[in-house]
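# Summary of the model geometry
Here's the letter readout for the chains.
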Amino acid sequence: MTWDDRQARDHVVRTETLLTALSGLSDPAARDRATEAAQALVALYGECLARVMALAGADTARAVADDELVGHLLLVHGLHPEPADARIRTALAGLRGLGDAELLAVKGEFARVRVRARGCGSSGETLRTAVREAVAWAAPEIERVEIEEAATSVEPPLIPVEALSRGGARTGGARS
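First, a word on what this report is: a plain description of the structure on this page. Quick caveat, the model's predicted, so the values are computed rather than measured.

## Quick word on the pattern of salt bridges
A complete count under the given rule lists twelve salt bridges for this structure. A salt bridge links Arg62 to Glu82; the shortest N-O distance between them is 3.3 Å. Placement of Arg62 in helix α3 (residues 58-66) and of Glu82 in the loop between α4 (68-76) and α5 (84-93) is noted, with a sequence separation of 20 residues between them. Under the relative-accessibility criterion, Glu82 is labelled partly exposed at 25%. Measuring nitrogen to oxygen at the nearest pair gives 2.6 Å for the salt bridge that ties Glu141 to Arg87. Taken as a pair, Glu141 in the loop between α6 (121-138) and β3 (144-149) and Arg87 in helix α5 lie far apart in primary sequence, 54 residues in all. Since its relative accessible area comes to 33%, Glu141 is described here as partly exposed.

In structure tokens:
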């Protein structure tokens, strides 16, 4: 059976719900055994996936990683072929409509991004939120995102201020 993306996302939500519910089991021995079984299964599948990725060529590995569900599974197991900075840059490029976001650095679990919003002040907060969400989606191993505001240059006015005052642009003649 092959799931479409919606079915896969629904199953991910169901799986997360089931795993979260394990912590609510009242019997500590049952809770520990169920958690250990889930962790063992994840580790086994991770090892199988690592072997598949080792057999895949670079082009195949990138194509496999481009699938949303498989790509996130690769991230969980530390097997994604693209480094975090490349994934973050790709995700930030998708935010162009909100403003500019430039990845400055990735160090361990930390990323620094420079942003320049377009439009009103609220668009800056929208862009900052979108940057944090994009980094979390593309590189869940990044635990902290520092965002710095780019210096904004002031564009010269289209009409010189002197021209706005009565007679400011005129010299010495009578007003008409």
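## Focus: helix α2 (residues 28-55)
Helix length check: α2 (28 residues) gives 41 Å between terminal C-alpha atoms against 40 Å at 1.5 Å per residue, within 8%. Where α2 is concerned, the buried positions are Gly46, Leu49 and Met53. If you follow the buried residues of α2, they end up packed against α3 and α4. Two or three places before Ala29, at the opening of α2, Asp27 has a side-chain oxygen 3.0 Å from that residue's backbone nitrogen.

Analysis parameters
- Residues numbered from 1 in each chain as written.
- Predicted model: local features only at pLDDT ≥ 70, side-chain atom pairs only at ≥ 80, totals over all residues.
- Heavy atoms only, no water.
- Salt bridge = Lys/Arg side-chain N within 4 Å of Asp/Glu carboxyl O.
- Helix = DSSP H or I, 4+ residues; strand = E, 2+ residues; numbered from the N terminus.
- Buried < 20%, exposed > 50% of the residue type's maximum accessible area, 1.4 Å probe, protein only.
- Expected span 1.5 Å × (residues − 1).
- Contact = heavy atoms within 4.5 Å.
- Polar contact = N/O pair within 3.5 Å; in protein donor to acceptor, adjacent residues only side chain to side chain.

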